[in-house]
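# Coordinate inspection notes
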Amino acid sequence: TLTADGRWAFSGGGDGLVKIWDLEEHSVKWTIADYSGEVIVLALTIDGKRLVVGAGNKVVIWNIDARKVEAEYDIPEGWVRTVAVAAEGQRVVAGVDNKVYVWNLKTGEPERILADQRWVYAVALTLDGQRVISGTEDGTLRVWNLDVGTAQPTATGHSGGVRAIASTTDGR
């Protein structure tokens with residue numbers, strides 16, 4: 001994960017560490033976390049102020065400037081496989097086993113748990129933060145309306161699992 005100005009990079013490793021790298025000086029500036037298990041996924045808010053960490057059964061929101069945890073969400077069952085942050089900064093989502101968890105970043109409160117039919121390997125939010133797209137082990141994409149918590153008709157096309165999703169900046 002990289003900041004918009006290209007100065008800082010964030011990495012998570014199998015050693016359970018999250019490191020912040022200064023790309024101009026080619027060095028690690030600090031280590032912000034030490035998790036008991038491997039760090040699976042990272043996402044950065046568009047303003048570069050918060051880092052979302054998926055490690056084991058936790059989603060953790062770090063305030064980068066303060067170097068402290070703003071919120072920590074324990075998942076009662078399963079492992080975090082993917083996370084995404086809405087461009088407008090209001091929501092964070094995580095794919096955990098066959099569910100998509102949605103939290104409000106402003107309040108820290110959970111908003112929804114969406115039950116998919118297969119294991120979720122990838123998630124993305126639309127630019128307006130109103131829909132989440134999930135990609136599953138069977139090659140299916142689902143678009144979820146977050147206002148009502150329902151999925152629109154599914155799309156298929158991959159012969160294997162969907163491992164990555166990106167949404168367009170124009171919302172189409």
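Structure report, in brief. Predicted model only: the values in this text are computed from it and were never measured.

What counts, and where the lines are drawn
Residues numbered from 1 in each chain as written. Predicted model: local features only at pLDDT ≥ 70, side-chain atom pairs only at ≥ 80, totals over all residues. Heavy atoms only, no water. Patch = residues over 30% accessible without salt bridge, like charges linked within 9 Å, V, L, I, M, F, W, Y side chains within 5 Å. Areas by Shrake-Rupley, 256 points an atom, 1.4 Å probe, with all protein chains shown as cover. Salt bridge = Lys/Arg side-chain N within 4 Å of Asp/Glu carboxyl O. Helix = DSSP H or I, 4+ residues; strand = E, 2+ residues; numbered from the N terminus. Buried < 20%, exposed > 50% of the residue type's maximum accessible area, 1.4 Å probe, protein only. Pairing = 2+ DSSP bridges. Axes fitted to C-alpha atoms, helices over the stretch in contact; angles between N-to-C directions.

### Structural notes on a nonpolar patch on the surface
- Together, L2, W21, L23 and V28 make up a nonpolar patch on the protein surface, roughly 320 Å² of accessible area in all.
- Here L23 is to be found in the loop between strand 2 (17-22) and strand 3 (27-34).

### A word on the pairing of strand 10 (residues 99-104)
- Counting buried residues along strand 10, 5 of its 6 residues qualify, which places the element largely inside the surrounding structure.
- Examined bridge by bridge, strand 9 (residues 91-96) and strand 10 share 6 bridges and lie antiparallel to one another. In the strand pairing of strand 10, V92 is matched with W103.
- Hairpin remark: strand 9 followed by strand 10, antiparallel, with 2 residues in the connecting loop; positive phi at D97, about 50 degrees.

### Brief notes about the sheet that holds strand 6 (residues 58-63)
- Taking strand neighbours across the sheet as the criterion, the 4 strands line up as 4-5-6-7 in an open arrangement whose pairing is antiparallel. On the outer flanks of this sheet lie strand 4 (39-44) and strand 7 (68-74), each paired with one strand and no other. Each strand of the sheet is rotated relative to its neighbour by a mean of 20 degrees, with strand direction disregarded.
- Two elements, strand 6 and strand 7, share 6 bridges in a ladder whose sense is antiparallel. Bridge pairing in strand 7 places K58 opposite D74.

### Considering the sheet that holds strand 2
- Strand order in the open sheet made by the 3 strands is 1-2-3, with antiparallel pairing throughout. At either end of the open sheet lies a strand with only one pairing partner, and these are strand 1 (8-12) and strand 3. Across the sheet, the mean angle from the axis of one strand to that of its neighbour is 20 degrees, orientation sign disregarded.
- Inspection of the sheet shows strand 1 paired to strand 2 by 5 bridges, in the antiparallel sense. Residue pairing across strands places F10 opposite I20, the latter belonging to strand 2.

### What to know about the pattern of salt bridges
- Counting across every chain of the model gives 10 salt bridges.
- For R81, the salt bridge is made with D97, and the minimal N-O distance between the two is 3.5 Å. One end of the pair, R81, is in strand 8 (residues 80-85); the other, D97, is in the loop between strand 9 and strand 10, with 16 residues separating them in the sequence.
- Between R118 and D138 there is a salt bridge whose closest N-O contact spans 3.6 Å. Taken as a pair, R118 in the loop between strand 11 (110-115) and strand 12 (120-125) and D138 in the loop between strand 13 (131-136) and strand 14 (140-145) lie far apart in primary sequence, 20 residues in all.

Functional significance is not addressed by these values, which are geometric in nature.
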